[in-house]
Amino acid sequence: MKNEILNHLNDPGQLEKLYRKNKVPFKREFSTIYPELRGNALADFWNERLNYESDEINWGTGRELLFVIIASLLAGFIAKIPAMFQVNEEFFYPRNIGFIFLPLLTAYFAWKNNLQLKQIALICGVMLVSLVYINVLPASTKSDTLLLACIHLPLLLWVLLGAAFVGNNLPDYNKWLDFLRYNGDLIVMTTLILIAGGIMTGLTIGLFSLIGFQIEEFYFQYFGILGLASAPIVGTYLTQTNPQLVNKVSPVIAKIFSPLVLIMLVIYLFAIVFSGKDPYNDREFLIIFNLLLIGVMAIIFFSVAESFKTARNITATWVLFLLSTVTIIVNCIALSAILFRIAEWGVTPNRLAVLGGNFLMLLNLLFITVLLFRALTKKSDIAAVGRSIALFLPIYSIWVLVVIFLFPLIFSFK
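Think of each chain on its own: its residues are numbered from 1, step by step along the sequence as written. In keeping with the predicted nature of the model, local features appear solely for residues at pLDDT of at least 70, side-chain atom pairs appear and are counted solely at 80 or more, and the whole-chain, interface and lining totals rest on all residues. To obtain the side-chain values, all non-hydrogen atoms of the structure were included, while hydrogens and water were left out.

## Focus on the overall build of the chain
Next up, step 1: Each helix and strand in the chain was counted, giving 18 helices and zero strands.
Next up, step 2: Radius of gyration here is computed from C-alpha atoms only, and the compact-globule reference equals 2.2 Å multiplied by the residue count raised to the power 0.38. In terms of overall dimensions, the chain is globule-like: its C-alpha atoms have a radius of gyration of 24 Å, near the 22 Å expected for 414 residues.
Next up, step 3: With 414 residues in all, the chain has 46% of them scored as buried.
Next up, step 4: As displayed, the chain offers around 22,000 Å² of accessible surface, 69% of which is attributable to carbon and sulfur atoms.
Next up, step 5: Charged residues are defined narrowly, with Lys and Arg counted positive, Asp and Glu counted negative, and His plus the chain ends left uncounted. Lys charges are placed at NZ, Arg charges at CZ, Asp charges at CG and Glu charges at CD. Treating the 30 positive side-chain charges of the chain as one cloud and the 25 negative ones as another, the clouds have centres 7 Å apart. Counting from the N terminus, the helices are the DSSP runs of H or I reaching at least four residues and the strands are the DSSP runs of E reaching at least two. Relative accessible area decides the class of each residue, using a 1.4 Å probe on protein chains only: under 20% of the type maximum gives buried, over 50% gives exposed, and in between gives partly exposed. The accessible surface values rely on the Shrake-Rupley method and a 1.4 Å probe; as for residues, cover is taken only from the protein chains in view.

Below is the structure:
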C-alpha cells in the first residue's frame, strides 16, 4: 500500500480508488509517510481529508433517528416481557437476555449496509432457530448443558451482529477488525450513557422525594429498564454517526490498559505462589482464573485492532508482545488445571467446554505472539496480527455452535 500511494501520488483518481478499496490500510500507511510528503499540495489535501473531524454533533438522517427510537422502545418492551405476560424471570432472562438488543443492532447494520437478501435470510434463520431452541430446552436448575447454552448463545448472536456489521464482504478481515474496534467504542460510549443516566436517575428521584413522591419502584420498573435495554442501541447510533466522539478515547484506553494489565498479570502470577490457592483443586478459583483470561484476551484483541489503524508504534507492539507472552503462561496454567480435573474426576460438560475454549485461545495467542515478534523484528507488520485474529473468529464461532446445539444432546441435557 505504501508503494502504491507513492507511485500514484500525483494521480488523484488512482489514490481515490486505493482509498475506497482499502480505507484502513490506506489511512495507516499514508500517516506513516506523510511527514516526508508535507508540502506536496495533494498530500496535504489527503492529510486534511483523512484527519478531518467536525466539531458539530451529527444526528444522522431522520430515518436513522426514527429507527433508533423504535428499536429502543422494542428493546424496552422485550425486557419487560416477564412483567407484562407473567413469564418466570428466572426462565426468561438467562435464556433470552441476548435477544433484548443484539438482534436490533443486527437489524440496524443490515439496513445500513444494504445486506443481500440471502444473507439477511440466513442471519434471521439462525436467530429464529436459536430463539426457539433455547426456550424449548428442558427447564432445570441443575443442568450444566442448559447453563452453557445460555452463556454461549449471546456469543452466537454477537457473531451474527458481526456478519451484519461486515456487510456483503465477509472474508474482508479489515472489516472484522473494524467490528472489534466498534465493540470497544461501544463499551466506552455505553458506559458514558449509563453514567449520565445514573446521574439523571439520582437527580429525578431526589427532586420528587423533596415534594413527597417516592417514585423509585415505578422509575426503575419502567424508565430504568428502558434505559438499560436501549443504551447499547443509542451508543451504537452515536458511534456510527459521530466516530470522533470516541476515536481519541479508545486508543488512549488501549494504550493505558495494556501495560497496566501486563503489570497486574505479572504481579498476580507471583501472588498465586504465595497465596496457597491453586486452580487445580479450587473450582471457584479456576472459574475466576478463566474469566481473567477471557478479559485479557479481549484487551489484546481490542489493543491490536486499535494499533492496526494507527501508525507503527514500537513501544505499543512490545507491550502487546509481552502481554501475549504472559497470557500464554496464564492460559497454560488454566489448561493444565482443566486437564488435571478431567483426569481426576472425569469429563463433564463444564470441563469439556472450558477445555475447548482454553485450547482455542492458546492457539490464537501463540499465533498472535509469533506475529508480534515478527513485527518487532521487522519481518512482518501489525497487519498480520490483525489478520490472524480475524481468521480465528470463525473457529470460535464453530465451537460456540457445538456447545449450544451439540452439548445438550451429547450429555443428554444433564
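Having put the structure on the table, let's press on.
## Some words on the pattern of salt bridges
Next up, step 1: One side-chain nitrogen of Lys or Arg within 4 Å of one carboxyl oxygen of Asp or Glu is enough to make a salt bridge. What the rule picks out here adds up to two salt bridges.
Next up, step 2: Salt-bridge contacts for Glu64 lead to Lys112; the nearest nitrogen and oxygen are separated by 2.8 Å. Note that Glu64 is positioned in helix 5 (residues 62–79) and Lys112 in helix 8 (residues 102–112), a separation of 48 residues in sequence.
Next up, step 3: Residue classification places Glu64 among the buried residues on the basis of a relative accessible area of 6%.
Next up, step 4: Linking Asp178 and Arg181 is a salt bridge whose minimum nitrogen-to-oxygen distance equals 1.9 Å. Taken as a pair, Asp178 and Arg181 lie in helix 11 (residues 173–210) at a separation of three residues, close to a single helical turn. When sorted by exposure, Asp178 lands in the same class as Arg181, which is buried.

## Remarks on helix 11
Next up, step 1: What a helix is expected to span follows from its residue count: subtract one and scale by 1.5 Å. In this model, helix 11 (38 residues) spans 55 Å end to end at C-alpha, consistent with the 56 Å of a helix rising 1.5 Å per residue.
Next up, step 2: Backbone geometry just downstream of helix 11 places Gly212 in the positive-phi region, at approximately 90°.

## Side note on the side chain of Thr239
Next up, step 1: For Thr239, the location among the structural elements is in helix 12 (residues 216–241).
Next up, step 2: On the basis of relative accessibility, which here comes to 6%, the residue Thr239 falls in the buried class.
Next up, step 3: For Thr239, the side chain forms a polar contact with the main-chain oxygen of Thr236, separated by 2.9 Å.
Next up, step 4: Contacts were defined at the residue level, with two residues in contact if any of their heavy atoms lie within 4.5 Å. Setting aside anything within four residues of it in sequence, one finds Thr239 in contact with Tyr182, Asp185, Leu186, Met189 and Val246. Polar contact is defined as a pair of N or O atoms within 3.5 Å, subject to the rule that within protein one atom must be able to donate a hydrogen and the other to accept it, and that residues adjacent in sequence are counted only when both atoms are side-chain atoms.

## Section: the packing of helix 8 against helix 12
Next up, step 1: The interhelical angle for the contact between helix 8 and helix 12, taken along N-to-C directions, is 25°, at an axis separation of 10 Å. Between helix 8 and helix 12, the crossing angle belongs to the class labelled roughly parallel. By crossing handedness, the relation of helix 8 to helix 12 is classed as right-handed. For the pair helix 8 and helix 12, contact is made by Leu104, Leu105, Tyr108 and Phe109 and by Pro232, Ile233, Thr236, Tyr237 and Gln240, respectively.
Next up, step 2: Three categories are distinguished: nonpolar for Ala, Val, Leu, Ile, Met, Phe, Trp, Tyr, Cys and Pro, charged for Asp, Glu, Lys and Arg, and polar for the others, with Gly belonging to the last. By residue class, the composition of the contact of helix 8 with helix 12 is seven nonpolar, two polar and no charged. Axes here mean lines fitted to C-alpha atoms, for a helix over just the part in contact, with angles spanning 0 to 180 degrees between N-to-C directions. The scheme is simple: roughly parallel for angles under 35 degrees, roughly antiparallel for over 145, roughly perpendicular for 65 to 115, oblique for anything else. Working rule for handedness: look at the near helix, and if it is turned counterclockwise from the far one by less than a right angle, call the crossing left-handed; if clockwise, right-handed.

## A short note on unusual backbone geometry
Excluding glycine, residues mostly have negative phi values, and the peptide bonds linking residues are mostly trans.
Next up, step 1: Phi is positive for Gln86, which is not a glycine, with a value near 55°.
Next up, step 2: Tracing the chain through its elements places Gln86 in the loop between helix 6 (81–85) and helix 7 (89–96).
Next up, step 3: A residue is classified by how much of its surface remains accessible, and Gln86, at 76% relative accessible area, is exposed.

## Considering the packing of aromatic side chains
Next up, step 1: Note on aromatic contacts: the rings of Phe and Tyr and the six-membered ring of Trp form a pair at centre separations within 6.5 Å, being stacked when their planes are under 30 degrees apart, edge-to-face when over 60 apart, and tilted otherwise. Applying the stated criterion across every chain yields a total of 30 aromatic pairs.
Next up, step 2: Centre to centre, the rings of Phe165 and Phe179 are 5.6 Å apart; their planes meet at 50°, and the pair counts as tilted. Of this pair, Phe165 sits in helix 10 (residues 144–166) while Phe179 sits in helix 11, and the two are 14 residues apart along the sequence. No difference in accessibility class separates Phe165 from Phe179, as the two residues are buried.
Next up, step 3: Aromatic side chains Phe321 and Phe373 sit 6.0 Å apart centroid to centroid with 40° between the ring planes, which places their arrangement in the tilted category. A residue pair is termed long-range when its members are at least 10 positions apart, and Phe321 in helix 16 (residues 314–345) and Phe373 in helix 17 (residues 349–376) qualify at 52 residues.

## A closer look at the nonpolar core
Next up, step 1: Among the nonpolar cores identified, the biggest contains 94 residues, and Tyr182 and Leu265 are the most heavily contacted of them.
Next up, step 2: In terms of residues, this core owes the most to one element, helix 10, which gives twelve residues.
Next up, step 3: Setting aside anything within four residues of it in sequence, one finds Leu265 in contact with Leu292, Val296, Leu323, Val326, Thr327 and Val330. We call a set of buried Ala, Val, Leu, Ile, Met, Phe, Trp, Tyr and Cys residues a nonpolar core when their side-chain atoms join them within 4.5 Å.

## With respect to the environment of Thr317
Next up, step 1: Structurally, Thr317 can be placed in helix 16.
Next up, step 2: Taking the C-alpha atoms as reference points, Thr317 and Leu376, 59 residues apart in sequence, are found 7.0 Å from one another.

## Comments concerning the side chain of Thr190
Next up, step 1: For Thr190, the position within the fold is in helix 11.
Next up, step 2: Among the polar contacts made by the side chain of Thr190, one reaches the main-chain carbonyl oxygen of Leu186 at a distance of 2.7 Å.
Next up, step 3: When sequence neighbours within four positions are dropped, the list of residues in contact with Thr190 reads Ala231, Pro232 and Gly235.

Interpretation note: all reported values are geometric properties and have no functional meaning in isolation.
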